[in-house]
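Per-entry structural report
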Amino acid sequence: RMVAEFGYDATVPRDATLRERLAEAAPDGVDVVVDNVGGEQLQAAVAAARPGARIVLIGTLAAQLSAASSGTTAPVELDTFQLIVKDITVRGLLSVDERTGAEWVERFGGWLRSGEITFPHTRIAGIDRAPEALQGLLSGRYVGTVVVEL
């Protein structure tokens, strides 16, 4: 569904062979990584990175969803030697800022209008249906963003 409907080039399921599957999906390596998970996914991305790759960290779901974590820290062990020899840039991004916001809106809007990507979402009318919306999201009934309209 990610490839067929949402325009991704490939998907890599999270399992014991994550690094191998990423290498199969991107045999020439990866140039840009937008990581919202951290943990072993970030380690695999560093391993698959090409020289000069850029990694943007926008979330830490691996730590936030872990029962063993407080959700306020996200430790991950990275091979810093690979960061150096591959000249990988790693940057944290909290939000889109004034410098990039307008450009992002234009690019993302263009991709949506052209159909290059889709933004899966479900709209549910009425704040009284918010618990139903959350339950549906958590159970997998909805894909993507769920918007509760007031």
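Residues numbered from 1 in each chain as written. Predicted model: local features only at pLDDT ≥ 70, side-chain atom pairs only at ≥ 80, totals over all residues. Heavy atoms only, no water.

1. Description of a nonpolar patch on the surface
Basically, it comes down to this: To count toward a patch, a residue needs a relative accessible area above 30% and no salt bridge. Like charges then connect within 9 Å, nonpolar side chains (Val, Leu, Ile, Met, Phe, Trp, Tyr) within 5 Å. Accessible surface area values rest on a Shrake-Rupley calculation with a 1.4 Å probe, where residue burial reflects the displayed protein chains alone. Whenever Lys or Arg places a side-chain nitrogen within 4 Å of a carboxyl oxygen from Asp or Glu, that contact is recorded as a salt bridge. Numbering of helices and strands runs from the N terminus, with a helix taken as a DSSP run of H or I at least four residues long and a strand as a DSSP run of E at least two residues long.
Taken together, the side chains of Val32, Val34, Ile58 and Leu93 make up a nonpolar region of the molecular surface, amounting to roughly 330 Å² of accessible area. Mapping Val32 onto the fold places it in strand E1 (residues 30–35).

2. A closer look at the packing of aromatic side chains
Just so we agree on the cut-off: Centre distance within 6.5 Å is the pairing criterion for rings of Phe, Tyr and Trp, where only the six-membered ring of Trp is used; planes under 30 degrees apart are then read as stacked, over 60 as edge-to-face, and the remainder as tilted. Each residue is placed in one exposure class: buried if its accessible area under a 1.4 Å probe, protein chains only, is under 20% of its type's maximum, exposed if it is over 50%, and partly exposed if it falls in between.
Scanning the entire structure with this criterion turns up three aromatic pairs. With a centroid separation of 5.0 Å and an interplanar angle of 25°, the aromatic rings of Trp104 and Phe108 are classed as stacked. Separated by four residues within a single helix, Trp104 and Phe108 lie in helix H5 (residues 98–114), roughly one turn from each other. Residue class for Trp104 comes out partly exposed when judged on its relative accessible area of 40%. Exposure remark for Phe108: the relative accessible area of 22% places this residue in the partly exposed category. When the centroid spacing of 5.9 Å and the interplanar angle of 75° are considered together, the rings of Trp104 and Trp111 count as edge-to-face. The class of Trp111 is partly exposed, set by a relative accessible area of 30%.

3. Digging into unusual backbone geometry
With a phi angle near 55°, Asp87 is a residue other than glycine that sits in the positive phi range. Tracing the sequence through the fold places Asp87 in the loop between helix H4 (80–85) and strand E3 (89–92).

4. Observations concerning the environment of Val46
Formally: Contacts are residue-level and defined by heavy atoms, with any inter-residue pair within 4.5 Å sufficient.
Residue placement: Val46 occurs in helix H2 (residues 39–48). On the basis of relative accessible area, Val46 is assigned to the buried category, the value being 2%. Separated by 27 residues in the primary sequence, Val46 and Arg19 have C-alpha atoms spaced 9.8 Å apart. If sequence neighbours within four positions are ignored, Val46 has contacts with Ile55, Leu78, Asp79, Gln82, Leu83, Lys86 and Ile88.

5. Thoughts on the nonpolar core
Rule in force here: Remark: nonpolar core denotes a set of buried residues (Ala, Val, Leu, Ile, Met, Phe, Trp, Tyr, Cys) joined through side-chain atoms within 4.5 Å.
In this structure, Val30, Val33, Val46, Ala49, Ile55 and Ile88 are the most contacted members of the largest nonpolar core, which totals 15 residues. Elements with a contribution of two residues or more to this core: helix H1 (18–25), E1, H2 and strand E2 (49–57). Element by element, the count of residues in this core is highest for H2, at five residues.

6. A closer look at the sheet that holds E3
To keep things clear, this is the line we draw: Between any two strands, pairing holds if DSSP finds at least two bridges. Only C-alpha atoms enter the line fits that serve as axes; for helices the fit covers just the stretch in contact. Angles between N-to-C directions range over 0 to 180 degrees.
With respect to topology, three strands assemble into an open sheet ordered E1-E2-E3, the strand pairing being parallel. Every interior strand has two partners, whereas the edge strands, E1 and E3, have only one. Strand-to-strand, the axes of this sheet are offset by a mean angle of 10°, without reference to chain direction. Two elements, E2 and E3, share four bridges in a ladder whose sense is parallel. Looking at the pairing, Leu57 lines up with Gly92 of E3. The sheet contacts of H2 involve E1 and E2, and relative to E2 the element is tilted by about 155°.

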